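One letter stands for each residue in the lines below.
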Amino acid sequence: MTIAEMPVAKSSETNAHGYHSFSLGEFTFNRDEYFVYIAWPTGHHMMSADAFLRALQRDVAWDFFYGIVNFDGVIGTVNHYGTVDLFAGRYNESYRKAELDYSENHTTPEIRETFKAVLDDWTNAAFDPFASPHETGSAFGVKSGSNTKAVTRARVAAQRMVMVPGDEGLRTDDNGHPVNRMFADVPQDEPIIEVEPGFEQDVAAFNLFAYLSRSQVTWNPSVVSQCKDSLFCPTTEEYILPIIHGNDRVEWFLQLTDEITWEVEDRDSAAVRSRVVMRAGDICAMPADIRHQGYSPKRSMLLVWENNSAAIPELIASGKAPTYPVEF
Ligand SMILES: [Fe+2]
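About the criteria used
Residues numbered from 1 in each chain as written. Predicted model: local features only at pLDDT ≥ 70, side-chain atom pairs only at ≥ 80, totals over all residues. Heavy atoms only, no water. Phe/Tyr/Trp six-rings, centres within 6.5 Å; stacked < 30°, edge-to-face > 60°. Buried < 20%, exposed > 50% of the residue type's maximum accessible area, 1.4 Å probe, protein only. Donors = N, O, S within 2.8 Å, 3.2 Å for Na, K, Ca; no water. Tetrahedral: all angles 85-135°; square planar, octahedral: opposite > 155°, others 65-115°. Helix = DSSP H or I, 4+ residues; strand = E, 2+ residues; numbered from the N terminus. Expected span 1.5 Å × (residues − 1). Patch = residues over 30% accessible without salt bridge, like charges linked within 9 Å, V, L, I, M, F, W, Y side chains within 5 Å. Areas by Shrake-Rupley, 256 points an atom, 1.4 Å probe, with all protein chains shown as cover. Salt bridge = Lys/Arg side-chain N within 4 Å of Asp/Glu carboxyl O. Pairing = 2+ DSSP bridges. 1 Å grid on protein atoms, 1.4 Å probe; cavity = no way out; pocket = protein on both sides within 12 Å on 5 of 7 lines; lining within 4 Å. Points joined across faces, edges and corners; volume = space filled by probe spheres on them. Nonpolar A, V, L, I, M, F, W, Y, C, P; charged D, E, K, R; others polar.

## A word on the packing of aromatic side chains
Link 1 in the chain: Applying the stated criterion across every chain, the model contains 19 aromatic pairs.
Link 2 in the chain: Measuring from centroid to centroid gives 6.3 Å for Y34 and F35, while their planes differ by 55°, and the two rings are tilted.
Link 3 in the chain: Take Y34: its relative accessible area is 52%, and that puts it in the exposed class.
Link 4 in the chain: By way of ring pairs, the aromatic residues F22, F27, F29, W40, F52, F64, F71, Y102, F115 and W122 are connected into one cluster.

## Considerations on the coordination of the iron ion
Link 1 in the chain: Those donors, H245 (ND1), N247 (OD1), E251 (OE) and H292 (NE2), are the protein atoms that reach the iron ion, and they lie 1.9 to 2.3 Å from it.
Link 2 in the chain: Taken together, the 4 donor atoms coordinating the iron ion and their angles of 86 to 133° define a geometry best described as tetrahedral.
Link 3 in the chain: Counting along the primary sequence, the residues that act as donors to the iron ion give the motif H-x1-N-x3-E-x40-H.

## Focus: helix α1 (residues 49-61)
Turn by turn, an α-helix covers 3.6 residues, leaving residues three or four places apart pointing in a common direction.
Link 1 in the chain: Here α1 is 13 residues long and its end C-alpha atoms lie 18 Å apart, about the 18 Å a rise of 1.5 Å per residue gives.
Link 2 in the chain: The buried count for α1 comes to 11 of 13 residues, which makes it a mostly enclosed element.
Link 3 in the chain: Those residues of α1 lying buried are A49, D50, F52, L53, R54, A55, L56, Q57, R58, D59 and V60.
Link 4 in the chain: One or two steps after α1, the chain reaches D63, where phi turns positive at roughly 50°.

## A word on a nonpolar patch on the surface
Link 1 in the chain: A cluster of nonpolar residues, Y34, F35, Y37, M46 and F140, forms a patch on the protein surface that exposes about 470 Å² of accessible area.
Link 2 in the chain: Relative to the helices and strands, M46 resides in strand β5 (residues 43-48).

## Considerations on the pairing of strand β15 (residues 272-279)
Link 1 in the chain: Sheet analysis places strand β14 (residues 259-266) next to β15, joined by 7 bridges and oriented antiparallel. The residue of β15 that forms the bridge with E265 is V272.
Link 2 in the chain: The hairpin turn running from β14 into β15, its antiparallel successor, is 5 residues long, and A270 in that turn takes a positive phi close to 75°.

## Topic: unusual backbone geometry
Link 1 in the chain: Positive phi, close to 50°, is recorded for D63, a residue that is not glycine.
Link 2 in the chain: When you line up the elements, D63 lands in the loop between α1 and β6 (68-70).
Link 3 in the chain: If you check the backbone angles, F65 has positive phi at about 55° while not being a glycine.
Link 4 in the chain: Summarising the element assignment, F65 is placed in the loop between α1 and β6.
Link 5 in the chain: What makes F65 buried here is its relative accessible area of 15%.

## Describing the layout of surface pockets
By rolling a water-sized probe across the atoms, one finds the places where empty space is left.
Link 1 in the chain: The calculated volume of the second largest pocket comes to roughly 310 Å³.
Link 2 in the chain: Lining the second largest pocket are 19 residues, with N247, D248, R267, P313 and A317 sitting closest to its centre.
Link 3 in the chain: If you list the elements that add at least two residues to the lining of the second largest pocket, you get β7 (75-79) and α6 (312-317).
Link 4 in the chain: Of the residues forming the lining of the second largest pocket, the biggest block, 4 residues, is contributed by α6.
Link 5 in the chain: Across the lining of the second largest pocket, the residue classes tally to 8 nonpolar, 6 polar and 5 charged.

## Remarks on empty space enclosed by the protein
Link 1 in the chain: Scanning the model with the defined rule gives 2 cavities of 30 Å³ or more in all.
Link 2 in the chain: Size it by volume and the largest cavity reaches roughly 130 Å³.
Link 3 in the chain: Around the largest cavity, the lining is made up of 16 residues, and of these W62, F65, P221, L241 and W262 lie nearest the centre.
Link 4 in the chain: Of all the secondary-structure elements, those providing two or more residues to the lining of the largest cavity are β11 (230-240), β13 (251-255) and β17 (290-307).
Link 5 in the chain: Looking at the lining of the largest cavity, the element that brings in the most residues is β17, giving 3 residues.

Interpretation note: all reported values are geometric properties and have no functional meaning in isolation.
In structure tokens form, the structure reads like this:
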């Protein structure tokens, strides 16, 4: 069976609002004009439809990312890199104390295909869950068309590197993506490279700021360079990170432009730990035992530096590696 043929538990009929309902294991998912309803054997929960779809879009596009993707204080996923836990109340101290927390493990294709089907069915024509709130129409109302093109956006992928022969089509001045309204002041000039004869196939450079100024999406880190397990993942941010990310490794943040405020909490209990205000040029390391959500008043550029090593989550969980990156 191919992944495309993976069965998704979807109702045969639509509800009074025009939407299908879905299930995964013992979890059920329903929506109406404003809200999403999630139920599991020990409880149930509701979320605003726009917030739910923005979070779901990131979880699908990031393929469950590193560690924990909390949709809010109750619902979320934990990535085990091959399987994924779907949970309710697991990182919520009150739910755990009341023994109402619940978790199920699913294969990655099974949960991915279910989430993709929910995202496509519940996203109306006017709504783009990847866009900033100011650049999209409403998520609300009865079922009204679909926006499959937006929710299945594929990343622009380089074969070698932007501007190297074969990948010149990705250069910023002709890649078909206009400069975002909030980056109108970002210089668009490209670096001048004078290549020693014989190295024309291998030496190139591009203006990363100009490149990012044309990003159509928010809160979606892309890999722009890789050296072994070291990944540089720049991204453009506006309004609120639609999920609360629970780390399973240290992440470094370098604020390239403008400003983001991070609310940082304990990953497991959600107790408040700190507020970090990052302005252009600031760098910080987010520890491996926190969860965080960013607020960006104006579209900004952020470089996320990830260590992609598969060994790290276990080293940290077992105490063999520290939850912080540097001993001062
Ligand atoms: Fe994070």
